[in-house]
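# Results of the structural survey
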Amino acid sequence: MAATADRVLISSERIQQKVLEMAAQIDADYKDGPIYLISILKGAFIFVADLARALKRPSVRIEFMGISSYSREKTSSGQVKVTRDLDVNIEGCDVLIVEDIVDSGVTLSYLRRLLEQRKPKSLEIATLLDKPERRIQPVNVKYVGFRIPDEFVVGYGLDYAEDYRNLSDIRVLSQLPSSPNPE
Ligand code: PRP
């Protein structure tokens, strides 16, 4: 059975408005100096691009990390792996991890512990989406765009078997096959 993504959960207009609000709050909270946005590949690539452009401060450094915890399943396997590490030293820096979604919390609680060891001046998390019902590991997330129900969502960077990342809104995937197609 083919998966479809017909139902819009969050429109592109609502996303853009929320990104502006989140950026304004971040600008207000970080008074001086550079801020490092650490975007977690791949899902956060669109969110970080919009968030970075909505920030008014001149010094926004954009870095990327690859973390994998899902393999081909649609629920967290609990296995976390760094697939691409930072190539900058964040010691003494204001660091904001930028995620598309927090689900079980496994990825972010692992990442927070990992980055804390590198002694940043501050370390916070911004996520566009949060599914609190799915949390297995508690994680302190300072900036949350939308709290959403436990439905499988795609678009605005989020994928299903690598498809749908390019949608400009967030949609609910229905008629999921029992397992994703091999990539
Ligand atoms: C997603 C998402 C987060 C993580 C959240 O990434 O981008 O990194 O899962 O899930 P958790 O809270 O259950 O740990 P995914 O592994 O699907 O990779 P992708 O961003 O490359 O699609």
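Residues numbered from 1 in each chain as written. Predicted model: local features only at pLDDT ≥ 70, side-chain atom pairs only at ≥ 80, totals over all residues. Heavy atoms only, no water.

## As for the packing of aromatic side chains
Scanning the model with the defined rule gives 1 aromatic pair in all. Ring centres of Phe152 and Tyr160 lie 5.6 Å apart, and the angle between their planes is 85°; this geometry places the pair in the edge-to-face category. Just above the ring of Phe146 sits the side chain of Lys18; from NZ or CZ to the centre is 5.1 Å. (Phe/Tyr/Trp six-rings, centres within 6.5 Å; stacked < 30°, edge-to-face > 60°. Lys NZ or Arg CZ within 6 Å of the ring centre and 35° of its normal.)

## Here we look at the pairing of strand S3 (residues 60–68)
Consecutive side chains along a regular strand alternate between the two faces of the sheet. Note that strand S2 (residues 35–41) and S3 share 7 bridges and pair parallel. Residue pairing in the sheet places Leu37 in a bridge with Ile62 of S3. Regarding topology, helix H2 (residues 45–54) serves as the crossover connection from S2 to the parallel S3, and that connection is right-handed. Pairing between S3 and strand S4 (residues 81–84): 3 bridges, direction antiparallel. When the bridges of S4 are listed, Ser68 appears paired with Lys81. (Pairing = 2+ DSSP bridges. Helix = DSSP H or I, 4+ residues; strand = E, 2+ residues; numbered from the N terminus. Right-handed = clockwise from strand over helix to strand, strands pointing away.)

## Considering the site of the ligand
Taken together, 17 residues are adjacent to the ligand, and Glu99, Asp100, Ser104, Gly105 and Thr107 come closest. Within the backbone of Gly43, a nitrogen or oxygen atom sits 2.8 Å from an oxygen atom of the ligand. Arg165 places a side-chain nitrogen or oxygen 3.1 Å from an oxygen atom of the ligand. Going through the elements one at a time, strand S5 (94–102) and helix H3 (106–116) are the ones with two or more residues in the shell around the ligand. With 4 residues, the single largest contributor to the shell around the ligand is S5. Residues belonging to the shell around the ligand are distributed by class as follows: 5 nonpolar, 6 polar and 6 charged. (Near = heavy atom within 4 Å. Polar contact = N/O pair within 3.5 Å; in protein donor to acceptor, adjacent residues only side chain to side chain. Nonpolar A, V, L, I, M, F, W, Y, C, P; charged D, E, K, R; others polar.)

## Some points on the pattern of salt bridges
Applying the stated rule across the entire model yields 19 salt bridges. Across the pair Asp29 and Lys142 runs a salt bridge, and its minimum N-O distance is 4.0 Å. Within this pair, whereas Asp29 is found in helix H1 (residues 12–29), its partner Lys142 is found in the loop between strand S6 (122–130) and strand S7 (143–147), the two being separated by 113 residues in sequence. Given a relative accessible area of 33%, Asp29 falls into the partly exposed group. A salt bridge links Glu124 to Arg112; the nearest nitrogen and oxygen atoms lie 3.9 Å apart. Placement of Glu124 in strand S6 and of Arg112 in helix H3 is noted, with a sequence separation of 12 residues between them. Across the pair, exposure class does not vary: Glu124 and Arg112 are buried alike. Within the structure, one salt-bridge network assembled from shared partners comprises Lys42, Asp159, Glu162 and Arg165. (Salt bridge = Lys/Arg side-chain N within 4 Å of Asp/Glu carboxyl O. Buried < 20%, exposed > 50% of the residue type's maximum accessible area, 1.4 Å probe, protein only.)

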